[in-house]
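Below are the chains, spelled out letter by letter.
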Amino acid sequence: MKFIGIVGSNADQSTNRTLLNYMQRHFSQAATIEICEIKDLPAFNEPDSKIAPREIQAIIDQIQAADGVIISTPEYDHSIPAALKSLIEWLSYTSEAFNNCPIMITGASHGTLGSSRAQNHLRQILDAPEVGARVLPSSEFLLGGSLRAFDDAGNLVDAAKIHELERDFTEYMTFAQDVNQLIAHSSQLHDKQAVWTEE
Amino acid sequence: MKLIGIVGTNAEKSYNRQLLTFMQRHFADQAEIEILEIKDVPMFNESADQNLPIIQTFDQKIIDADGVIISTPEHNHSIPSALKSTLEWLSNDVHSFEGKPVMIVGASYHDQGSSRAQLHLRQILDAPGIDAIVMPGNEFLLGHAQQAFDEHGDLNNEGTVSFLASCFKKFLRFTNMVKMLNVPEDLKVNPGTYDVTAMGHNGKLPMSVEFSEDKIENIEIDTSAETAGIADVVFEKIPAQILSGQTLNVDTVSGASVTSKGVIDGVAEAVKLAGGDPDVLKNRPRPSAKRQVPPVEYETDVVVIGAGGAGLTAAASVLQRGQRVIVAEKFPSVGGNTVRTGGPMNAADPTWQNEFSANPGERTTLQGILNTDEATIDPAYVADFRLLKTQITKYLETTDDDNEYLFDSTLFHRIQTYLGGKRVDLAGHEIHGQYDLVKILTDHALESVKWLESIGVEFDQTEVSMPVGAKWRRGHKPLKNQGYAYVSALKTFVEQRDGQILTETPAKKLIIEDGEVRGIIAQGPDDQKVIIHASAVILASGGFGANTKMVQQYNTYWQQIDDDIQTSNSPAITGDGIKLGTSAGADLVGMGFSQMMPVSDPETGELFTGLQVPPANFVMVNQQGKRFVNEYEGRDVLSKAAIANGSLFYLIADDKIKETAYNTSQEKIDQQVEDGTLYRANTLAELAQQIHVDPAVLTTTIAHYNSYVDAGTDPEFGKNVFDLKVEQAPFYATPRKPAIHHTMGGLRIDTQAHVLNEQGTVIPHLFAAGEVAGGIHAGNRLGGNSLTDIFTFGRVAGKTAVSENQK
Ligand SMILES: Cc1cc2nc3c(=O)[nH]c(=O)nc-3n(C[C@H](O)[C@H](O)[C@H](O)COP(=O)(O)OP(=O)(O)OC[C@H]3O[C@@H](n4cnc5c(N)ncnc54)[C@H](O)[C@@H]3O)c2cc1C
């Protein structure tokens, strides 16, 4: 299977990037994970034309060619970073890339909470009808103390944490398969219109 | 009452903007509402420059206001990214909303009127970095906004208007309430003087703090344990701020945050001892909220950028020639990397050196020069090389083992600088020092020593030192205070002759008029714009060792430079002068070559931590517990080997080797073991476990090493200089990683320190000296040559600038 891993931070240094890179290597037998950076994307500004800028279109194409998306988000001020929010706004404003797309949320933070509040916000945002994503329910991978969580080679050091991630990812793969099958067989779901709610 | 209204979107058309402008008009008799638009705020990025003018303006306006109203639309069940981005900027470096009363309103097309976004916004404003005080209840949700306004932009439904009016009235009362909450609490303590010990950068800082009943009256710190120079500003600034503001909510000094925190914590501890509550002081407002200050203009003959060794030297020589000078320095204290040096500077001074007898092995080094194949010497150096060979031959002929003195000559210094700098990069390109520059360096080295003496630097005449990586004993070392000796003498000299040093004033731009460099624009304290008009500009801002991105970007030498690599440099050393130079068309040379310090602290890049012992006692093992290199090799061989072994490695020592460490004390060692930054165990096997290495592997490695010490040779890696074995418990492991130490590349200059453009012609009125310039040290700088460089070319730059100004 093929997934896109979105690094939810535009910072030069991010343990969410490290986490996705780790998942990419660790699960390479089971799935291909392409890493997607949001670093130099244009900021969303609700333009009149609903045409995606080139950089956004490239991500839309990438997502549409994949079986699902993993988003790893840090937490800024109890929510997701503006840079990640901006990408989601672009996607829902100019495309249906996330509509019915199976999504797994992970997150790493330097503090102990592992971005829990940001993950909740992200769930609610992805659940908005105009986004319409299918987020893997009842699982959350929260990586607290992320500065010490990896060794020099960028591998997770805590065996319990690795086990948890393996369990979540396996569950996500099944989930993604099921969702994609369901969507393929249900014209009703397939046609669901994504509507951008303007202010 | 003065309020700020923030339009929560960057869209061209917005009902939230309309709602705020309506409130502005409708409530004009109750409050003045100034509306801020966020459409020019760029996307937040924590890695970018945090000093954006628009954010500074917003910060100031919010700090000055009594309260803030945010009107938010809803995008995907949350607030728009543009609003979130603005809040992120205002809660990272600055904390504009701290304790600020906030009212949330919102408008949307549909029934919900931005209800979910408002809930998210509440949670966001509650985050510790923002710490706003949001008015509870009173949710003003304007649904179906497209029908809510009449043609004048007024809300057309009376019920809605009166609900808004009632929310607004409550907000005004709420604002007054919050004001009371923010009134500082009184401090109550038992008067007296209390002694506490704070933790500084280098260990303990005994302090005594004197209180009257409700005030801190005095703070005294015993600073003898700290490195002279680096933390001085902390000891002046932090206590002054604490005393003047009667607050512990003070910012740390950049570049010395550990010591800053130590002082703040020490005072807090003293408050506790005196029976008071330190939180009272921590919750008080910061002493000086940023103020907008009008720009200031200066006019001078020469402006120097950077008050390190090169900059202060240039300034001193400008003053000696009777012209005026202003030095703009980025940091609160002067000295840059120069103050961090051990002090020895290279200069051949045969009359002095010949008084000392030769050391074992030195004859072999000289023999090695004679045996060097002339075909490997660059044509520019061949003539000097031949002359040097005659000098050496004569020395070897006229001396013998019993009657040997320390040899040296200017030519030997020159050829060693050339040979030491010769390197090949990853693509196979060879680099070596430019002959004309290396000639100036070595011909004028001794003159620089004499000049420094005339400025007031005292040198130790009793010993010729050899800095690490210097290859020969020709180091002149200040009698005391290491690198600080130069900086303090030069600073005093400059200030006594009315040279002006503006600290906390980084240069941001060159003033270029009609293609000519005419001065600089800098940023002073409180972000004041500082305009300095001058007939000449000397760039002396040091290298770019603390700018990892820049080192990575130009690197052509190292296989790999990790994003999290540390540096031994001052954090100010970010290549600013190189960028300023290229903005005027300067050419760059040798930028791909940087020097690593292999034995640096993995977390801080420093050399003061752990057990730093002489290389003969280095025992280096990788993360598998195996040796991986001849520990007696030079810096770049050790660094390359470490990087190939995953960067992190350990210096293993026993109790005897510990005694040879020159950087520490038992007290510091115990503290570091306790902190987990140094490992200690009673057996090698236990030590291995602590560093996650197979005990059997480490034990075998050390057994082999000990047998090589006995044999005097190392069949594995060829180490040939040994001292002690590793045998006496307790055993130590010091974690180490290579850190960026020096950048050899920089602006292309000529022998008169003019900056050259890509065509090789002089850029008029622009000069460079010190680590900011390239071409001299090429692929590898000899230890002790940097100081020679900065004091020599610093003088050259000052001299040329003055003589051209006089034309
Ligand atoms: C730990 C350590 C030990 C060393 N030991 C030795 C040694 O023993 N012998 C030796 O020869 N060399 C040694 N070196 C190298 C040597 O210290 C430096 O190469 C040399 O000091 C550089 O001098 P400089 O004047 O060019 O720059 P610096 O002394 O680094 O001064 C540059 C100054 O410019 C300021 N600045 C930067 N940007 C701006 C701006 N935009 N506006 C205004 N000011 C700015 C900085 O704050 C700083 O004060 C050592 C280096 C380090 C880091």
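Residues numbered from 1 in each chain as written. Chains lettered and ligands numbered in written order. Predicted model: local features only at pLDDT ≥ 70, side-chain atom pairs only at ≥ 80, totals over all residues. Heavy atoms only, no water.

- An unreviewed UniProt entry lists chain B under the name Urocanate reductase, with Paucilactobacillus vaccinostercus DSM 20634 given as the organism.
- Of chain B, the UniProt comment under Sequence similarities (unreviewed entry) reads exactly: "Belongs to the FAD-dependent oxidoreductase 2 family. FRD/SDH subfamily."
- Quoted verbatim from the Catalytic activity (unreviewed entry) heading of the UniProt record, the comment on chain B is "dihydrourocanate + A = urocanate + AH2". (UniProt positions renumbered as here; feature names shortened; annotations may be inferred.)

- As recorded by an unreviewed UniProt entry, chain A carries the name Oxidoreductase and is attributed to Paucilactobacillus vaccinostercus DSM 20634.

1. Structural notes on the site of the ligand
Residues and elements named next belong to chain B.
Thought 1: The environment of the ligand is formed by 37 residues, the closest being Ala310, Glu329, Thr338, Glu771 and Ser786.
Thought 2: Thr338 is positioned such that a nitrogen or oxygen atom in its side chain is 2.5 Å from an oxygen atom of the ligand.
Thought 3: At a separation of 3.4 Å, an oxygen atom of the ligand approaches a polar backbone atom of Gly784.
Thought 4: Calculation on the ligand without its partners gives an accessible area of 1000 Å², and the protein chains cover 96% of this total.
Thought 5: Listing elements by their share of the shell around the ligand, those giving two or more residues are α9 (309-320), β25 (731-743) and α24 (785-805).
Thought 6: The greatest single-element share of the shell around the ligand, amounting to four residues, is contributed by α24.
Thought 7: Taken together, the residues that form the shell around the ligand break down as 12 nonpolar, 19 polar and six charged. (Near = heavy atom within 4 Å. Polar contact = N/O pair within 3.5 Å; in protein donor to acceptor, adjacent residues only side chain to side chain. Areas by Shrake-Rupley, 256 points an atom, 1.4 Å probe, with all protein chains shown as cover. Helix = DSSP H or I, 4+ residues; strand = E, 2+ residues; numbered from the N terminus. Nonpolar A, V, L, I, M, F, W, Y, C, P; charged D, E, K, R; others polar.)

2. So, unusual backbone geometry
Residue and element names in this part refer to chain B.
Thought 1: In the segment running from Ala729 into Pro730, the intervening peptide bond is cis, with an omega of 0°.
Thought 2: Mapping Pro730 onto the fold places it in the loop between α23 (695-711) and β25.
Thought 3: At Lys471, a residue that is not glycine, the phi angle is positive and equals roughly 75°.
Thought 4: For Lys471, the position within the fold is in the loop between α15 (445-455) and β15 (475-476).
Thought 5: Phi at Ser647 is positive, roughly 70°, even though this residue is not glycine.
Thought 6: On the secondary structure map, Ser647 appears in the loop between α19 (635-644) and β23 (649-653).
Thought 7: The buried category is assigned to Ser647, whose relative accessible area is 9%. (Buried < 20%, exposed > 50% of the residue type's maximum accessible area, 1.4 Å probe, protein only.)

3. Here's the deal with the pattern of salt bridges
All names here are of chain B.
Thought 1: This structure, assessed with the given rule, holds 42 salt bridges over all chains.
Thought 2: The salt bridge involving Asp384 is made with Arg414; its shortest N-O contact spans 2.8 Å. With Asp384 in helix α12 (residues 379-398) and Arg414 in helix α13 (residues 410-421), the pair connects residues that are 30 residues apart, well separated along the chain. Like Asp384, the residue Arg414 is buried in the burial classification.
Thought 3: Where salt bridges share partners, they join Lys2, Glu32, Glu34 and Lys61 into one cluster. (Salt bridge = Lys/Arg side-chain N within 4 Å of Asp/Glu carboxyl O.)

4. Details of the packing of aromatic side chains
Thought 1: The tally for this structure, following the rule as stated, stands at 29 aromatic pairs over all chains.
Thought 2: Centre to centre, the rings of Phe27 of chain A and Phe169 of chain A are 4.1 Å apart; their planes meet at 15°, and the pair counts as stacked. Placement of Phe27 of chain A in the loop between α1 (15-26) and β2 (32-36) and of Phe169 of chain A in helix α5 (residues 159-185) is noted, with a sequence separation of 142 residues between them.
Thought 3: Both rings, one in Tyr557 of chain B and one in Phe593 of chain B, keep their centres 5.6 Å apart while their planes meet at 40°; by these two values the pair is tilted. Placement of the pair is Tyr557 of chain B in the loop between α17 (548-554) and α18 (576-583) and Phe593 of chain B in the loop between β20 (588-589) and β21 (594-600), with a sequence separation of 36 residues.
Thought 4: By relative accessible area, which is 4% here, Phe593 of chain B ends up buried.
Thought 5: Here a set of aromatic residues connected by ring pairs shows up, and it is made of Tyr395, Tyr405, Phe407, Phe412 and Trp472 of chain B.
Thought 6: A cation sits over an aromatic face here: Arg497 of chain B above Phe493 of chain B, 3.7 Å from the ring centre. (Phe/Tyr/Trp six-rings, centres within 6.5 Å; stacked < 30°, edge-to-face > 60°. Lys NZ or Arg CZ within 6 Å of the ring centre and 35° of its normal.)

5. A closer look at the pairing of strand β1 (residues 2-7) of chain A
Every regular strand shows the same layout, with side chains that alternate between the two sheet faces.
All names here are of chain A.
Thought 1: Counting buried positions along β1 gives five out of six residues, so the element sits mostly inside the fold.
Thought 2: Inspection of the sheet shows β1 paired to β2 by five bridges, in the parallel sense. By the bridge assignment for β2, Phe3 is matched with Ile33.
Thought 3: A crossover links β1 with its parallel partner β2, the connecting element being α1, and its sense is right-handed.
Thought 4: Relative to strand β3 (residues 68-72), β1 runs parallel, the two being bridged by five bridges. Within β3, the position partnered with Gly5 by the bridge is Ile70. (Pairing = 2+ DSSP bridges. Right-handed = clockwise from strand over helix to strand, strands pointing away.)

6. Notes on the packing of α9 of chain B against helix α16 (residues 482-496) of chain B
Residue and element names in this part refer to chain B.
Thought 1: Closest axis-to-axis distance for the α9/α16 pair is 9 Å, and the angle between their directions is 35°. The handedness of the crossing between α9 and α16 comes out as left-handed. For the pair formed by α9 and α16, the contact residues are Gly309, Leu312, Thr313, Ala315, Ala316, Leu319 and Gln320 on the first element and Val487, Leu490, Lys491, Phe493 and Val494 on the second.
Thought 2: Partitioning the contact of α9 with α16 into residue classes produces eight nonpolar, three polar and one charged. (Axes fitted to C-alpha atoms, helices over the stretch in contact; angles between N-to-C directions. Left-handed = near helix turned anticlockwise from the far one by under 90°. Contact = heavy atoms within 4.5 Å.)

7. Focus: the packing of α1 of chain A against α5 of chain A
Residue and element names in this part refer to chain A.
Thought 1: The contact between α1 and α5 brings their axes to 12 Å, and the two run at 70°. By the angle between their axes, α1 is roughly perpendicular relative to α5. Facing α1, whose interface residues are Leu19, Tyr22, Met23 and His26, α5 presents Ile162, Leu165, Glu166 and Phe169.
Thought 2: Residues belonging to the contact of α1 with α5 are distributed by class as follows: six nonpolar, one polar and one charged. (Parallel < 35°, antiparallel > 145°, perpendicular 65-115°, else oblique.)

8. Examining the interface of chain B and chain A
Thought 1: Taken together, the contact between chain B and chain A spans 45 residues of the former and 33 residues of the latter.
Thought 2: Of all residues in chain B, the largest losses of buried area upon contact with chain A belong to Met43, His75 and Asn76 of chain B, amounting jointly to 22% of the total for that side.
Thought 3: Along the contact surface separating chain B from chain A lie two salt bridges.
Thought 4: Put simply, Asp12 of chain A and Lys549 of chain B hold a salt bridge, and the shortest N to O gap is 3.0 Å.
Thought 5: Elements with a contribution of two residues or more to the side of chain B that touches chain A: α1 (15-26), α3 (81-89) and α4 (115-125) of chain B.
Thought 6: If you tally residues by element for the side of chain B that touches chain A, the top one is α3 of chain B, at five residues. (Buried area = accessible area lost by both parts, 1.4 Å probe.)

9. As for the environment of Glu166 of chain A
Residues and elements named next belong to chain A.
Thought 1: Mapped onto the elements, Glu166 comes out in helix α5.
Thought 2: Sequence separation of Glu166 and Phe27 is 139 residues, and the distance between their C-alpha atoms is 8.3 Å.
Thought 3: In this view, Glu166 contacts His26 and Phe27; residues no more than four positions away in its chain are not counted.

10. Notes on the environment of Ile103 of chain A
Residues and elements named next belong to chain A.
Thought 1: Structurally, Ile103 is set in strand β4 (residues 102-108).
Thought 2: Note on Ile103: relative accessible area 0%, which makes it buried.
Thought 3: Sequence spacing of Ile103 and Arg134 is 31 residues, and the spatial spacing of their C-alpha atoms is 5.9 Å.

11. Focus on the sheet that holds strand β9 (residues 216-221) of chain B
Residue and element names in this part refer to chain B.
Thought 1: Here three strands make up an open sheet; going across it, the order is β7-β8-β9 and the pairing antiparallel. A single partner strand is all that each edge strand has here, and the edge strands are β7 (192-200) and β9. The sheet shows a mean angle of 25° between the axes of neighbouring strands, direction not considered.
Thought 2: In terms of strand pairing, β7 meets strand β8 (residues 203-211) through nine bridges, oriented antiparallel. Within β8, the position partnered with Thr197 by the bridge is Pro206.
Thought 3: Lying over the sheet, helix α6 (residues 232-245) contacts β8 and β9, oriented at roughly 165° with respect to β9.

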